[in-house]
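Commentary on secondary and tertiary structure
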Amino acid sequence: MSAPALRISPDSILNIVEGPNRGASYRLKGGTVRIGRSQENDIVLDDSKVSRGHVLIEVKAGEFWIKDSGSKKGFFANGQHSLEHKLHLGDRIQIGDTVFLFGPKPTALKLASPSTTAMASAAPRMNPAPTTQVPPRPPEKRQFIFLFFIFGAIFFVLAFFISGSSGTKKKAFPVNDERVIEEHVENIDKMNEAAQLEIIKKGKNTVQYNEAQSFYLQGFREFRESNFSRAIYNFETALTLYPEHLLAKRYVSRAKLKLNQEITAALERGERNFQAKRYKQAYGEYKAVLNLSGDIKSKNAQLALKRIEAINLIMMNSR
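Just so you know, these numbers come straight off a predicted model, no measurement behind them.

Basis of the calculations
- Residues numbered from 1 in each chain as written.
- Predicted model: local features only at pLDDT ≥ 70, side-chain atom pairs only at ≥ 80, totals over all residues.
- Heavy atoms only, no water.
- Core = buried A, V, L, I, M, F, W, Y, C linked by side-chain atoms within 4.5 Å.
- Buried < 20%, exposed > 50% of the residue type's maximum accessible area, 1.4 Å probe, protein only.
- Helix = DSSP H or I, 4+ residues; strand = E, 2+ residues; numbered from the N terminus.
- Contact = heavy atoms within 4.5 Å.
- Expected span 1.5 Å × (residues − 1).
- Arc of directions from axis to C-beta.
- 1 Å grid on protein atoms, 1.4 Å probe; cavity = no way out; pocket = protein on both sides within 12 Å on 5 of 7 lines; lining within 4 Å.
- Points joined across faces, edges and corners; volume = space filled by probe spheres on them.
- Pairing = 2+ DSSP bridges.
- Axes fitted to C-alpha atoms, helices over the stretch in contact; angles between N-to-C directions.
- Polar contact = N/O pair within 3.5 Å; in protein donor to acceptor, adjacent residues only side chain to side chain.

**Brief notes about the nonpolar core**
Residues Y216, F223, F235 and Y286 are the most contacted members of the largest nonpolar core, which totals 30 residues. Every element with two or more residues in this core is listed here: α3 (207-224), α4 (228-241), α5 (246-275), α6 (279-293) and α7 (299-317). Among the elements that make up this core, the one with the highest residue count is α5 (ten residues). For F235, the contacting residues outside a window of four places in its chain are Y216, G219, F220, F223, A248, Y251, V252 and A255. If you look at the next biggest cluster of nonpolar residues, it comprises 21 residues, including I35, I66, I95 and F100.

**Quick word on α5**
Taking 1.5 Å as the rise per residue, α5 with 30 residues should run 44 Å; its terminal C-alpha atoms sit 44 Å apart, in good agreement. A positive phi of about 65° marks K277, the residue just after α5.

**Let's talk about α6**
With 15 residues, α6 extends 21 Å from end C-alpha to end C-alpha; this agrees with the ideal 21 Å at 1.5 Å per step. Looking at α6, one finds that the buried residues are Y279, A282, E285, Y286, V289, L290 and S293. One side of α6 carries all its buried residues, which in axial view fall inside an arc of 145°. For α6, the exposed residues lying more than 90 degrees away from the buried face are K280 and N291.

**Examining the layout of surface pockets**
Of the pockets and cavities examined, the second largest pocket occupies roughly 490 Å³. Taken together, 22 residues line the second largest pocket, and the ones lying closest to its centre are K73, F76, N210, E211 and S214. Looking at the lining of the second largest pocket, the elements that each hand over two or more residues are β7 (75-77), β10 (92-95) and α3. The leading source of residues in the lining of the second largest pocket is α3, at eight residues.

**Focus on the sheet that holds strand β1 (residues 13-18)**
Two orientations exist for strands paired in a sheet by backbone hydrogen bonds: parallel and antiparallel. Strand order in the open sheet formed by six strands is β2-β1-β11-β10-β7-β8, and the pairing between neighbours is antiparallel. Across the chains shown, the open sheet's two edge strands, defined by having one partner strand only, are β2 (25-27) and β8 (80-82). Strand-to-strand twist of the sheet, defined as the mean angle between neighbouring strand axes without regard to direction, takes the value 30°. Two strands pair when backbone bridges link them, and β1 and β2 are joined in this way by three bridges, in the antiparallel orientation. The partner of L14 across the bridge, within β2, is Y26.

**Some thoughts on the environment of D68**
Within the fold, D68 resides in strand β6 (residues 63-68). What makes D68 buried here is its relative accessible area of 16%. Sequence separation between D68 and S82 is 14 residues; the distance between their C-alpha atoms is 8.3 Å. Beyond its immediate sequence surroundings of up to four residues, D68 is in contact with H54, V55, K73, G74, F75 and L83. Among the polar contacts listed, one links the side chain of D68 to the backbone nitrogen of K72, at a separation of 3.4 Å. At 3.0 Å, the side chain of D68 and the backbone nitrogen of G74 are in polar contact.

This is the structure in structure tokens:
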């Protein structure tokens, strides 16, 4: 069973166990508690990787919830990137280089003296919570589930390669069959995701990877909204931070393909309108080509520029 959610009680303690403010301890009494680098927060952190207003803790139905308060970076709850999370006993929350442990009074790790600790609540700062040790994290069922999915993914990849290598003749890949292509893409997706899990399992979940993951998630949101130019920027930034980010590699290629399709479609519409002497509509399509391409030296952009110049001359002569 997972640990119970942390409710308001005298033992609702927030402990900093890693980071520049390690040893500080705060008792949560309800209301809204803001955390960040700014002095206006209830909990002020000396962590350069933390935003001025990074997260906040609030109470919903008698239970504590932590959520991003506008940093757009989010946080990590027990190693998983998140923007909102209900607190449970033993949860470890990381923002920047600072790691919080949620639970009752610690009993294993000696924390800072009362002069360096502070209390947090919706009201002004209060007296420190006398804490001395951090309790060991209780076993969680989700850890077992996570390992189960990892081993399942590895088994699937091995079975895929074994089945593909069996027999003496290999069937030609039907490039014209869209259904088969979609199935093939899904198989590759699963293989890549399994490889991604292996990277994290081997300890490559570094600070660079975490930052790259933030850019990848933003790029994926832009991709879903069909903002392919911005998606490409975020995916390429993720790859600059972490060149082995497999999902960013895959989606930057897809985003470039989608963007090229949009440019080609706009150029074709512009040509049709130009040939039909619908110059205003053609002008708009050529402008869209320039905005989408982002590279004024590309062939599509050069063609669009020449057509816009021709349209301007035609309009001037018609006056």
